[in-house]
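Fold and contact review
Listed here are the chains, written in short residue letters.
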Amino acid sequence: MARVHDMGGLPGQGRIVMDKDEHPFHAAWEARMWGMNEAMWGPDSWTLDWWRYVRELIEPADYLNRPYFDQWMQTFSAMMVDSGVATVAEIASGKSDGSRPRDVTLARAADVLKASQTTRDFRRPTDQKPAFKPGDKVRTKTLAEGFHTRLPGYLMNKTGTVHAHRGNHLFPDAGAKGREVAQHLYTITFSGADLWPGEGRAKDRISADLWESYLERV
């Protein structure tokens, strides 16, 4: 496992415990953290995939034991310090020290609500034809450790079948580095028996949306 967040498909984790409480937040501070998340997407360098990468850098002990929305606070704190939006002391105190001019527009409650209701389209036009079509057999690559990718570790170097072509979409691995690159996106199906030899069932199918550079023809 490259990093602690890449736990999908690993054996020995036990059954998934379903939360019977269907409320989105279990405490008032979680709702506030969600609202801050909606209000804080200002700097151009803060792409969704950069945010994901920074969260993946959280120390294992914190990642596994601290609440989900607390991880969000850790992530945004690191991003603010890294980009110069705030200092560690300001975050700890919750107040600006007034040492830097404020060149951002403060979001109001109505702005946060509007942001939460706005969807983004990650599709991009292209003249390049897709390399694969439904029914093709493909094998996923084994990617080097160290940076953000949307190819889970348990799906690396596995054989699957192209179920559908989803169009040309922004490539998250590049987005985490601040670059806008688009690639063809496919839904790939895998057999449970191939993913977990001796444990997975052949009739089970796992589907994953994977970008073209993750794949090679069998």
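Here we summarise the structure given alongside this text.

Side chains on a regular strand alternate between the two faces of the sheet. Bridging between strand S1 (residues 137-140) and strand S2 (residues 159-170) involves 3 bridges; their strand directions are antiparallel. When the sheet's bridge partners are listed, Arg139 is paired in S2 with Thr159. Pairing between S2 and strand S3 (residues 182-191): 8 bridges, direction antiparallel. The partner of Ala164 across the bridge, within S3, is Thr187.

What follows deals with the packing of helix H1 (residues 28-39) against helix H6 (residues 109-116). Orientation of H1 relative to H6, taken along the N-to-C sense of each, is 80 degrees, at an axis distance of 9 Å. For the element pair H1 / H6, the angle class is roughly perpendicular. Of H6, the residues touching H1 (which contributes Trp34, Gly35, Glu38 and Ala39) are Val112, Ala115 and Ser116. Of the residues that constitute the contact of H1 with H6, the class distribution is 4 nonpolar, 2 polar and 1 charged.

Turning our attention to the nonpolar core. Among the nonpolar cores identified, the biggest contains 19 residues, and Ile188, Phe190, Leu210, Tyr214 and Leu215 are the most heavily contacted of them. When residues of this core are traced back to their parent elements, those giving at least two are S3 and strand S4 (205-211). Formed by 11 residues, the second largest nonpolar core is a distinct cluster that contains Val54, Trp72, Phe76 and Ala86.

Moving on, we come to the pattern of salt bridges. Applying the stated criterion across every chain yields a total of 8 salt bridges. Here Arg217 and Asp136 are joined by a salt bridge, their closest N and O atoms 3.2 Å apart. Linking Arg217 in strand S5 (residues 215-217) with Asp136 in the loop between H6 and S1, this pair joins segments that are 81 residues apart in sequence. Its relative accessible area of 49% is what places Arg217 among the partly exposed residues. Overall, Asp136 belongs to the buried group, its relative accessible area being 10%. The network of salt bridges with common partners includes Asp62, Arg66 and Asp70.

Further remarks concern the sheet that holds S4. Across the sheet, which stays open at both edges, the 5 strands sit in the order S4-S3-S2-S1-S5 with antiparallel pairing between neighbours. Looking at which strands have only one partner, the edges of the open sheet turn out to be S4 and S5. Taken pair by pair, the neighbouring strands of this sheet meet at an average axis angle of 40 degrees, ignoring direction. Bridge count for S3 against S4 is 7 bridges, and the pairing is antiparallel. Residue pairing for S4: Thr187 is matched across the bridge by Asp209.

Conventions we followed
Residues numbered from 1 in each chain as written. Predicted model: local features only at pLDDT ≥ 70, side-chain atom pairs only at ≥ 80, totals over all residues. Heavy atoms only, no water. Pairing = 2+ DSSP bridges. Helix = DSSP H or I, 4+ residues; strand = E, 2+ residues; numbered from the N terminus. Axes fitted to C-alpha atoms, helices over the stretch in contact; angles between N-to-C directions. Parallel < 35°, antiparallel > 145°, perpendicular 65-115°, else oblique. Contact = heavy atoms within 4.5 Å. Nonpolar A, V, L, I, M, F, W, Y, C, P; charged D, E, K, R; others polar. Core = buried A, V, L, I, M, F, W, Y, C linked by side-chain atoms within 4.5 Å. Buried < 20%, exposed > 50% of the residue type's maximum accessible area, 1.4 Å probe, protein only. Salt bridge = Lys/Arg side-chain N within 4 Å of Asp/Glu carboxyl O.

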